[in-house]
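Remarks on the overall topology
Here are the chains, one letter per residue:
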Amino acid sequence: MDRYVVFGNPIGHSKSPLIHSLFAEQTGQQLSYTTLLAPLDDFAGCAQGFFQQGLGANVTVPFKEAAYQLAGHLTERAQRAGAVNTLVRQGDGSLLGDNTDGAGLIADLTLNAGISLKGLRILLLGAGGAARGALEPLLAEQPSHVIIANRTAARAELLAARFSDLGPVFASRFDELTEPVDLIINATSASLGGELPPIAPSLIKPGRTICYDMMYAKEPTAFCRWAMEHGAAKALDGLGMLAEQAAEAFLLWRGVRPDTAPVLAELRRLLAVV
Ligand code: NDP
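Residues numbered from 1 in each chain as written. Predicted model: local features only at pLDDT ≥ 70, side-chain atom pairs only at ≥ 80, totals over all residues. Heavy atoms only, no water.

Observations regarding the site of the ligand
Neighbouring residues of the ligand: 21 residues in total, closest Ala130, Asn150, Thr152, Arg155 and Glu195. Contact distances for the ligand include 2.6 Å between an oxygen atom and a side-chain N or O atom of Arg155. In this structure, Glu195 approaches the ligand through a side-chain N or O atom, which is 2.8 Å from a nitrogen atom. Out of a free accessible area of 930 Å², the ligand has 79% covered by protein chains. Listed by contribution, the elements that provide at least two residues to the shell around the ligand are α6 (129-140) and α9 (239-254). Its residues placed into classes, the shell around the ligand shows eight nonpolar, eight polar and five charged. Each of two domains, domain 1 (2-99 + 240-273) and domain 2 (102-237), supplies a minimum of three residues to the shell around the ligand. (Near = heavy atom within 4 Å. Polar contact = N/O pair within 3.5 Å; in protein donor to acceptor, adjacent residues only side chain to side chain. Areas by Shrake-Rupley, 256 points an atom, 1.4 Å probe, with all protein chains shown as cover. Helix = DSSP H or I, 4+ residues; strand = E, 2+ residues; numbered from the N terminus. Nonpolar A, V, L, I, M, F, W, Y, C, P; charged D, E, K, R; others polar. Domains from an automatic or database assignment.)

Here it is, written out as structure tokens:
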């Protein structure tokens with residue numbers, strides 16, 4: 001059986017085995033996909049052991065940068081992101097590292113939610129791995145501009161400088177942001193603790209601004225609740241991004257892109273009952 005895993009620590013909560021087993025069933029592929037708890041101090045050893053036999057892997061917190069270091073070759077988007085969430089063993093045994101998170105976000109926004117990003121004023125909150133992975137694909141959609149705001153302002157400035165060759169991208173402090181934007185993407189982990197980045201409600205133009213939280217939960221996240229309270233046109237969570245980044249990885253491994261709609265519906269159903 002062709003073997004795939006997702007590396008993480010912790011990893012017990014991961015929905016990836018369920019997603020990939022549904023993809024395999026749907027596309028008639030024979031494969032096994034399980035979680036693999038890698039030790040915090042030896043991701044490389046654990047991954048090398050797995051790839052003696054295994055064909056591919058996803059990588060999640062906290063190993064995306066270690067996977068970037070481990071990969072012998074990188075796709076351009078992984079190079080830009082500085083992080084790898086998908087590894088593929090190639091014919092000669094070397095490892096190709098890719099990053100499908102950003103593509104997953106764009107697919108969720110454009111295909112699932114039907115939002116055209118062209119010409120939009122986008123505010124990206126956060127400057128960690130997820131924000132970094134999102135920037136290249138976001139700029140490729142030709143928004144009017146992307147403003148990055150982050151708790152540690154210097155990280156936002158660094159990120160804006162790093163991507164400025166790809167389109168209009170600027171850094172801003174939270175307290176300088178007052179004018180409404182068209183799309184706010186929360187790529188901070190603030191929602192994990194039920195917190196909000198310090199942003200003014202005036203950033204939302206009621207009935208027009210769309211808010212997207214990369215995090216998802218059974219109940220609407222703190223950010224989604226804030227968005228709806230202030231009249232956002234839509235408040236979307238990151239469950240679709242999760243399914244779409246997985247579909248991109250599946251395509252890379254198996255050469256077929258699964259239909260995410262029924263899988264996303266099943267994930268949403270299961271999330272509601274756990
Ligand atoms: P990182 O740890 O790399 O970055 C975290 C970011 O959040 C940093 O910019 C940090 O700011 C900021 N932050 C943390 N706490 C707060 C707070 N209380 N207030 C304001 N800012 C805060 O995490 P990732 O980039 O990997 O992940 C970010 C989020 O995206 C997570 O919620 C994760 O679950 C989600 N995600 C979802 C995916 C999906 O498929 N749906 C895929 C990948 C990520 P500072 O720089 O100041 O520390």
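That shown, we press on.
Notes on the sheet that holds strand β9 (residues 169-172)
The strand order β9-β8-β7-β10-β11-β12 describes an open sheet built from six strands, whose pairing is parallel. Across the chains shown, the open sheet's two edge strands, defined by having one partner strand only, are β9 and β12 (234-236). Taken pair by pair, the neighbouring strands of this sheet meet at an average axis angle of 20°, ignoring direction. Sheet topology places strand β7 (residues 121-125) next to strand β10 (residues 183-186); four bridges connect them, and they run parallel. Bridge assignment links Leu125 to a residue of β10, and that residue is Asn186. Running over the sheet, helix α7 (residues 153-163) touches β8 (145-149) and β9 and is turned about 170° from β9. (Pairing = 2+ DSSP bridges. Axes fitted to C-alpha atoms, helices over the stretch in contact; angles between N-to-C directions. Contact = heavy atoms within 4.5 Å.)

Brief notes about the sheet that holds strand β1 (residues 2-8)
Strand order in the open sheet formed by six strands is β2-β1-β3-β5-β6-β4, with mixed pairing between adjacent strands. Both edges of this open sheet fall to β2 (31-37) and β4 (73-74), since each of them pairs with a single strand only. Sheet topology places β4 next to strand β6 (residues 95-98); two bridges connect them, and they run parallel. Paired with Leu74 across the strands is Gly97, a residue of β6. α9 contacts β1, β2, β3 (56-59), β5 (86-89) and β6 of the sheet and is inclined by roughly 5° relative to β5.

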